[in-house]
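Geometric and topological summary
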Amino acid sequence: MAVEEEKRFPTPLGAAACERDAEKLEFIEETTRDADRVQERVLGEILGRNAETEYLRRYGLGGATDRAAFKRKLPVVSYEDLQPEIQRIANGDRSPILCAHPISEFLTSSGTSAGERKLMPTIEEELDRRQLLYSLLMPVMNLYVSGLDKGKGLYFLFIKSETTTPGGLPARPVLTSYYKSDHFRRRPFDPYNVYTSPTAAILCPDPFQSMYAQMLCGLLLSADVLRIGAVFASGLLRALRFLRLHWPQLCHDLSTGTLNPTVVTDPSVREAVGELLTKPEPELAQRIAAECSGDNWEGIVRRVWPNTKYLDVIVTGAMAQYIPTLEYLSGGLPMACTMYASSECYFGLNLRPMCDPADVSYTIMPNMAYFEFLPHISDASSFSHDHPRQLIDLADVEVGKDYELFRFVRRKNVLLSVDADKTDEAELQRAVGRAAGLLRPLGADVAEYTSRTETKEIPGHYIIYWELLLKESGKWPEKECRVADGSVGPLEIRVVRSGTFEELMDYAISRGASINQYKVPRCVTFGPIIELLDSRVVSAHFSPACPTWTPHRTN
């Protein structure tokens, strides 16, 4: 008897898995087909509804909603320019300063880039836009991976304890805002988007209890897991390190069918996990213990979760350094980068999510916000209010050219400088990548890194801190290794013990960073962080010669 093929629904982007997916894919096509028209509409709506705000009245827009008036009368500004108005709102001023709609909360930036968190006022309606973008992700993924409605996703998601501004509004990271909203907590059932983690575990404010409960449920339902993810690649690696440290207790709980009361104390989490862990699972516990107890963790993801089809993590930009480690631990699973978002705005999605990480590009959804781009130049100092660069509309960007979505796109902390030499984040990452290539034949890889300058000595030099991942039969590098060019003095590499960058993240979280949004700072200057790193050094290595200088650096 012939087996009936699964019905598909044709769309311009491909054959959709179901009728609802087809509607979402048609929406993407229609919205992006005439991006300029959508952008004009979005700008007109923004200017129209906020015509009487203090900010627009200040620049004499006079109720105009057209693009020409907007470009002619409103200046390009930075966060610092708007900070006085933002502070007034935070202090309780409810007049229409920046927005005609009531400010519902403040979103906080991660603080990893500029060293301090920023407050960004937002309105309730913005949650609808974020939810809209989330709703487009699985219809696109279903074009490339079939059968995702037959299993579950193991996603490590967390919230952060929020603060309150003097005016009484909550201030919290964007993902905490979303996970606590009804959009997430009361989301309708979707067979293509079922998580192993109970909502109560995700909403637990204690990061250890949350991680433990989410990992335990992921292990319990390991046969159902079809995809594994976190927001950033670093977050997934943190979860796998957690498994490596705590698998004995996790397996004990599985084998006894109980949740250790000294580990997880939150009543709502215990109740939610208890609804899943209803009986002892000794065979499952034995299988997981057999995989986790050895020293060789190559392919551990496939071994523990054998039906996993891909990893859903961001591995672009600064996260690209984690690709080799994830390939090693996952046994070569594909890595899908699905969306492009920030605390300020959700931008768009990847229409080819299963492409190679080096080929990832994102389609900006023109209905999410009004976008303007700055042609990228290497010397950011050339921009000034007196001589601004020409802003480019979304529909007018050109293939092959580089642009910045915001003026202050460079990470202020990620710039090493000794004497007249300057090294930015991209150059630092390329140097570490080349160095990591020299370590791989030795059975080692760079799991994490950061850097600083040492200028107390003459000549000054760069210091890079490495945490290494030693694979089976791997060995530490020789005492002398020339791995990258620094400036002035010989480059110094300080290898820190395993778990150091985990401690660095814990320290940042204790100071208010979000576990979801945390990114390792690639340059450190803060005294306590330097002290922590230096106290964990197990070996130091100098380049055998001072680096050479070239008068021209190509990008």
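These notes cover the structure that comes with them. (Residues numbered from 1 in each chain as written. Predicted model: local features only at pLDDT ≥ 70, side-chain atom pairs only at ≥ 80, totals over all residues. Heavy atoms only, no water.)

1. Considerations on the overall build of the protein chain
For the record, the criterion: Secondary structure is summarised from DSSP: a helix means a run of H or I of at least four residues, a strand means a run of E of at least two, and numbering begins at the N terminus for each. Burial classification: accessible surface area is computed with a 1.4 Å probe over protein chains only, and a residue below 20% of its type maximum counts as buried, one above 50% as exposed, and the rest as partly exposed. The Shrake-Rupley method, run with a 1.4 Å probe, gives the accessible areas here. Residue values count only the displayed protein chains as cover.
Counting its regular elements, the protein chain contains 18 helices and 22 strands. A buried classification covers 51% of the 555 residues belonging to the protein chain. Of the roughly 26200 Å² of accessible surface on the protein chain, a fraction of 52% belongs to carbon and sulfur atoms.

2. What about empty space enclosed by the protein?
The criterion, for reference: Residues are called lining when one of their atoms sits within 4 Å of a cavity or pocket point, these points coming from a 1 Å grid over the protein atoms alone, where a cavity is a set in which a 1.4 Å probe fits but cannot get out and a pocket is an open set with protein on both sides within 12 Å along at least five of seven lines. Grid points are joined across faces, edges and corners, and a volume is the space filled by probe spheres set on the points. Only Asp, Glu, Lys and Arg are considered charged, only Ala, Val, Leu, Ile, Met, Phe, Trp, Tyr, Cys and Pro nonpolar, and every remaining residue, Gly among them, polar.
Counted by the stated rule, this structure contains three cavities of 30 Å³ or more. In this structure, the largest cavity spans a volume of roughly 70 Å³. What lines the largest cavity is Phe-156, Phe-158, Met-211, Ala-230, Val-231, Phe-232, Gly-235, Arg-238, Ile-515 and Asn-516. Broken down by secondary-structure element, the contributors of at least two residues to the lining of the largest cavity are strand S8 (225-232) and helix H11 (233-256). Broken down by element, the lining of the largest cavity gets its largest block of residues, three residues, from S8. Split into classes, the residues belonging to the lining of the largest cavity amount to seven nonpolar, two polar and one charged.

3. Quick notes on helix H18 (residues 527-535)
We apply this condition: To obtain the arc, one takes the directions from the helix axis to the C-beta atoms. Any two residues whose heavy atoms approach within 4.5 Å are treated as being in contact.
Residues of H18 that are buried include every one of Ile-529, Ile-530, Leu-532 and Leu-533, and no others. Axial view of H18: buried residues confined to an arc of 160 degrees, hence all on one face. Buried positions along H18 lie against strand S19 (444-454), strand S20 (461-470), strand S21 (492-496), helix H17 (500-510) and strand S22 (537-542).

4. Focus: the pattern of salt bridges
Any two side chains of opposite charge can pair, so long as their charged atoms come close to each other. Our working rule: Salt bridge criterion: a side-chain nitrogen from Lys or Arg within 4 Å of a carboxyl oxygen from Asp or Glu.
Overall, the coordinates contain 33 salt bridges when judged by the stated rule. Its salt-bridge partner being Arg-67, residue Asp-36 comes within 3.0 Å of it at the nearest N-O pair. Within this pair, whereas Asp-36 is found in helix H2 (residues 35-49), its partner Arg-67 is found in helix H4 (residues 67-73), the two being separated by 31 residues in sequence. Arg-67 gets classed as buried once you look at its relative accessible area, which sits at 15%. The salt bridge involving Arg-88 is made with Asp-93; its shortest N-O contact spans 3.1 Å.

5. Quick look at helix H5 (residues 79-90)
Since there are 3.6 residues in each turn of an α-helix, residues three or four apart along the chain are aligned in direction. Buried within H5 we find Tyr-79, Glu-85, Ile-86, Ile-89 and Ala-90. Here the buried residues of H5 occupy an arc of 145 degrees about the axis, which is enough to place them on one side. The elements touched by buried residues of H5 are helix H3 (54-58), strand S3 (105-108) and strand S4 (119-122). Downstream of H5 by a residue or two, Gly-92 has a phi angle that is positive, lying close to 115 degrees.

Everything listed here is a matter of coordinates, which is why it stays silent on function.
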